[in-house]
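Reading the structure
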Amino acid sequence: MLRTDEILSTIQMLHAEHLDVRTVTLGININDCAAPAVELICRKLTQKIARYARNLVAACEKVAGKYGVPVTNKRLAISPAEFLLAGHGRSAAVAIAEALDSVAGQVGVDLVGGFTAYCDKGISAAAAVLIDSLPEVLSRTERVCASVNLASRRAGINMDAVARMGRTVPAVAQATADRKGFGAAKLVVFANIPRDNPFMAGAVLGRGEPEAVINVGVSGPGVVASALRRKVQLQPDLTLGELAEEIKIMAFRVTRVGELIGREVANELSVPFGIVDLSLAPTPAVGDSVGEIIRILGVECIGAPGSTAAIALLTDAVKKGGAFASSSVGGLSGAFIPVSEDSALADAAARGHLVLEKLEAMTSVCSVGLDMIAIPGDTPPETIAAIIADEMAIGVVNNKTTGVRVIPVPGGKVGQQVEFGGLFGSAPIMEVRNAGASAAFVRFGGRIPAPIHSLSN
Amino acid sequence: MAFPGAPGVDSIGVSVKTQFPNGYVLNVMAADRAGIVAAVSKAVADAGGNIDACSQTVLCGYFTLIMVVSFPEPLAEKEFLETLIRPAGRETGLQVQIRPFQPDLPPAVAEKCGNFVVTCFGPDAPGVIHRFSALLADKGINIVDLYGQLDGEQFVLISQVQIPRRWDLAMLQADLEALGAEQGYTVRLQHENIFIATNQLRLYSHG
């Protein structure tokens, strides 16, 4: 029999603190949709995705109702589109993206990830086609999300690909200038891209994954923040170690919610359950914020000294609590700090407390990277490439996933507030200091070799 | 050596087997104080009996205990009660009832069920529990555990229930929510696994 206090604490977490499952993402391998004719690829793609995903939304809603836990987003992640594009050109890339967009709409999901290329060691012809198609793809579709892996621990950093993405990101923003460059919010570049990440924009069904699989991303910053606030009010003399324990407990509980929902949705759809991504994913809603947790941990202005240590404590405690809760942990699994999607971070950026360089430092100890950051539209492509290169270096050297999702807002100037809408939130345009000063470094091109610790065999 | 006692099924379908063939259900109520369990268990032991199952709870200072006990020979019930209520002529303040244990009692709900939790939060008023429980009873839903307590201005009612699988969960939730809304209550019906997963080491119930 359940204890009353157990029931009440779960009710508090689910309903007073609004815990949700952030995303249930159905991964589908589409490699067998390859064909010489683009029309045939699109037809097979539509049929296959519709067959697997037609019951996804209904299954999520049924399970959400049974447990009283909302599933906020239902999404798709396909195997990398790069492999489908072998032997085809840009028009095929656009047609495939439009077919993906259309079938995603038909099955009722809001985003589909996996328009992905792997370029960490070199750029294949198909990867080049995919990258070059991105401005058109991301401006002509609503739901398609793209990602490019530019670096890895084993290959190092492909600076030619980094430079190419330094040009592509502003081109995508320019192609969606009427939406303040929003297309760039659906494009992320990675070092060490995970193969089972359920979160957008980087969701993809990577190599070695099943034909179809359910991966789940949890939420939870609001729950952790509330628990910490209660704890600090009751026992103001707690140490950071004791607060880390509290975070662990909440991470355990949040992860369990994700795994329970994910396993049951997978069962409903008769596909295997893959992983639960432990990442604390904030939303623009006040209180559902990773930044707020940093404040509760005593760093008054997010970005002040101590912020990196606080986020390190948080990320580690989340991993430990989540790892005990589930044996199926994957994806990114840490703490996200997407500026526009986190009201406290966006506020700190607007007040000038949080700057790009401090965010970069914080990404060295948490997942996933420089995320949802609006920058001036006239930031030189080489500077964007250099920002990417720095973040890739953090990922490669520390053997972790890092990513960059910056939005060069066309015509946007430092300090202007940009509204992206919905879960993408709003943020001020942040200053990029020393813009233009890295051009020569980027123009060298080539590959930054893999670090010595990659030779681990 | 254990005597081959009489098997039975408790209210939530757990098999109960008494050690001796003459089983009884014993119910004790009293103002709570130290020594009640000691007194009851002494009386059972002195009569040569065994306690086969027991559960106690204390609510607002009142103690209640239910036990399944068994004896090698049929019990002289009147004398046994006397030793509990008035040992050596001294009043203990215990209210005690005893009745034969029926090992072949059918389960409370014969159908296949799922285990759910109903939580209700709202203003206290006469008849609240009756209205919720009547709705459940009307649908053959068995309450296996009940908790109600005033918390500040709000009455908190938690029922752990067995819901026959023939019911459409969403419709049942709608009925409960509508009934709750009439009385200013927030009502939720959730499967027990969400509470198990978030509080215990296992992810699911055993069932």
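What you see is a predicted model; the values in this text were computed from it and never measured. (Residues numbered from 1 in each chain as written. Chains lettered and ligands numbered in written order. Predicted model: local features only at pLDDT ≥ 70, side-chain atom pairs only at ≥ 80, totals over all residues. Heavy atoms only, no water.)

1. Notes on the overall build of chain B
Convention followed: Strands are runs of DSSP state E lasting at least 2 residues, helices are runs of H or I lasting at least 4, and numbering of each runs from the N terminus. Only protein chains enter the accessibility calculation, which uses a 1.4 Å probe. A residue is then buried if its area is under 20% of the maximum for its type, exposed if over 50%, and partly exposed in between. Between two residues, a contact is recorded if the distance between any of their heavy atoms is within 4.5 Å. In these tables, accessible area is a Shrake-Rupley quantity obtained with a 1.4 Å probe, and a residue counts as shielded only by the protein chains included in the view.
Scanning chain B from terminus to terminus reveals five helices and 10 strands. Within the span of chain B, comprising 207 residues, buried residues form 40% of the whole. Within chain B, contacts between residues separated by at least 24 positions form 66% of all contacts whose residues are at least 6 apart in sequence. For chain B, the accessible surface area stands at approximately 11400 Å², while carbon and sulfur atoms represent 56% of it.

2. Some points on helix H11 (residues 307–325) of chain A
Residue and element names in this part refer to chain A. Where we set the bar: One less than the residue count of a helix, multiplied by 1.5 Å, gives the span that helix is expected to have.
Look at H11: 27 Å from first C-alpha to last across 19 residues, which is about the 27 Å you get at 1.5 Å a residue. Of the positions making up H11, those classed as buried are Ser307, Thr308, Ala310, Ile311, Leu313, Leu314, Thr315, Ala317, Val318, Gly321, Gly322 and Ala325. Check the buried side of H11 and you find it contacts helix H8 (221–234), helix H9 (240–269), helix H10 (290–296) and helix H13 (356–363).

3. Looking at a nonpolar patch on the surface
All names here are of chain B. The following threshold applies: Patches draw on residues past 30% relative accessible area with no salt bridge. Two like charges within 9 Å are joined, as are two nonpolar side chains (Val, Leu, Ile, Met, Phe, Trp, Tyr) within 5 Å. What counts as a salt bridge is simple: a side-chain nitrogen of Lys or Arg found within 4 Å of a carboxyl oxygen of Asp or Glu.
Taken together, the side chains of Ile129, Ile143 and Leu146 present a nonpolar region at the surface, about 220 Å² in accessible area. Within the secondary structure layout, Leu146 lies in strand E8 (residues 142–151). Leu146 sits in the partly exposed class, given a relative accessible area of 48%.

4. A closer look at the domain arrangement of chain B
Quick note on the threshold: As used throughout, domain bounds are those supplied by an automatic or database domain assignment.
Segmentation of chain B into domains returns domain 1 (7–100) and domain 2 (113–199). Each of domain 1 of chain B and domain 2 of chain B has a C-alpha centre, and these two points are 31 Å apart.

5. Let's talk about the packing of aromatic side chains
To keep it simple, the criterion reads: Stacked, tilted and edge-to-face are the three classes applied to pairs of Phe, Tyr and Trp rings, where Trp contributes its six-membered ring and a pair requires centres within 6.5 Å; stacked means planes under 30 degrees apart, edge-to-face means over 60, and tilted covers the rest.
This model, assessed by the stated rule, comprises eight aromatic pairs over all chains. With a centroid separation of 6.3 Å and an interplanar angle of 35°, the aromatic rings of Phe182 of chain A and Phe420 of chain A are classed as tilted. With a gap of 238 residues between them, Phe182 of chain A in the loop between helix H7 (159–175) and strand E6 (187–191) and Phe420 of chain A in the loop between strand E11 (417–419) and strand E12 (426–428) connect regions that are remote in the sequence. Neither Phe182 of chain A nor Phe420 of chain A differs from the other in exposure class; each is buried. An angle of 65° between the planes, with centres 5.9 Å apart, marks the rings of Tyr24 of chain B and Phe71 of chain B as edge-to-face. Note that Tyr24 of chain B is positioned in strand E3 (residues 22–31) and Phe71 of chain B in strand E5 (residues 62–71), a separation of 47 residues in sequence. With a relative accessible area of 1%, Phe71 of chain B lands in the buried category.

6. Let's talk about the sheet that holds E5 of chain B
Residues and elements named next belong to chain B. How we decide: At least two bridges found by DSSP between two strands is the condition for calling them paired. Here an angle of 0 to 180 degrees is reported between the N-to-C directions of two axes, which are lines fitted to C-alpha atoms, with helices fitted over the stretch in contact.
Spatially, E4-E5-E3-E6 is the arrangement adopted by the four strands of the open sheet, whose pairing is antiparallel. Each edge of the sheet is formed by a strand with only one pairing partner; in this case those strands are strand E4 (50–59) and strand E6 (95–100). For this sheet, the mean inter-axis angle between neighbouring strands, taken without regard to orientation, is 15°. As judged from the nine bridges shared by E4 and E5, these two strands associate in the antiparallel manner. Bridge pairing in E5 places Gln56 opposite Leu65. With respect to the sheet, helix H2 (residues 77–85) is in contact with E3, E5 and E6, its orientation differing from that of E6 by roughly 155°.

7. As for the pattern of salt bridges
Between side chains of opposite charge, pairing is possible as soon as their charged atoms come close. All names here are of chain A. If you walk through the whole model with that rule in mind, you get 35 salt bridges over all chains. A salt bridge links Arg295 to Glu292; its shortest N-O distance comes to 2.9 Å. Pair noted here: Arg295 and Glu292 are both in helix H10, with a separation of three residues, about one helical turn. The exposure class of Arg295 is partly exposed, given its relative accessible area of 32%. Glu292 gets classed as buried once you look at its relative accessible area, which sits at 17%.

8. A short note on the packing of helix H2 (residues 38–53) of chain A against helix H5 (residues 90–107) of chain A
The packing of two helices is summarised by the inter-axis angle and the distance between the axes. Residues and elements named next belong to chain A. Under the convention used in this document: Any angle that falls under 35 degrees is termed roughly parallel, while one over 145 is termed roughly antiparallel, one within 65 to 115 roughly perpendicular, and all others oblique. Left-handed describes a crossing whose near helix is turned anticlockwise from the far helix through less than a right angle; right-handed describes the clockwise counterpart. All amino acids are sorted into three groups, where Ala, Val, Leu, Ile, Met, Phe, Trp, Tyr, Cys and Pro are nonpolar, Asp, Glu, Lys and Arg are charged, and the leftover types, Gly among them, are polar.
In contact at an axis separation of 9 Å, H2 and H5 are set at 25° when each is read in the N-to-C sense. The orientation of H2 with respect to H5, classified from their angle, is roughly parallel. Between H2 and H5 lies a crossing whose hand is right-handed. Judged by residue contacts, Val38, Ile41, Cys42, Leu45, Thr46, Ile49, Ala50 and Ala53 of H2 engage Ala92, Ala95, Ile96, Ala99, Leu100, Val103, Gln106 and Val107 from H5. Broken down by class, the residue content of the contact of H2 with H5 amounts to 14 nonpolar, two polar and no charged.

9. Notes on the interface of chain B and chain A
Interfaces are frequently sized by the accessible area removed from exposure as the parts join. Counted only if it meets this: As used here, buried area is the combined drop in accessible area, with a 1.4 Å probe, of two parts when they are placed together. Polar contacts, as used here, are pairs of N or O atoms within 3.5 Å; protein pairs need one atom able to donate a hydrogen and one able to accept it. Residues neighboring in sequence count only if both atoms are side-chain atoms.
Each partner contributes residues to the interface: chain B has 30 residues there, and chain A has 25 residues. Contact between chain B and chain A buries roughly 2400 Å² in total, counting both sides, with carbon and sulfur atoms accounting for 68%. The interface formed by chain B and chain A contains zero salt bridges. Counting every contact that joins chain B to chain A gives 17 residue pairs in polar contact (both at pLDDT 80 or more). When residues of the side of chain B that touches chain A are assigned to their parent elements, the largest contribution, seven residues, is made by helix H5 (residues 193–199) of chain B.

10. Observations concerning the sheet that holds E8 of chain B
What the four strands build is an open sheet, ordered E8-E9-E7-E10 (chain B); its pairing is antiparallel. The strands lining the two open edges of the sheet, one partner per strand, are E8 and strand E10 (186–191) of chain B. For this sheet, the mean inter-axis angle between neighbouring strands, taken without regard to orientation, is 15°. Note that strand E7 (residues 113–123) of chain B and strand E9 (residues 154–164) of chain B share 11 bridges and pair antiparallel. Following the sheet pairing, Cys113 of chain B is matched in E9 of chain B by Pro164 of chain B. Docked against the sheet, helix H3 (residues 56–67) of chain A engages E7 and E10 of chain B, running at close to 115° with respect to E10 of chain B.

11. With respect to the pairing of strand E3 (residues 112–118) of chain A
All names here are of chain A. Burial within E3 is extensive, with seven of its seven residues counted as buried. One ladder, built from two bridges, connects strand E2 (residues 71–78) with E3; its direction is parallel. Looking across to E3, one finds that Ala77 is bridged to Gly113. Judged from the five bridges that link them, E3 and strand E4 (residues 144–152) form a sheet pairing that is parallel. If you follow Val112 over to E4, its bridge partner there is Val144.

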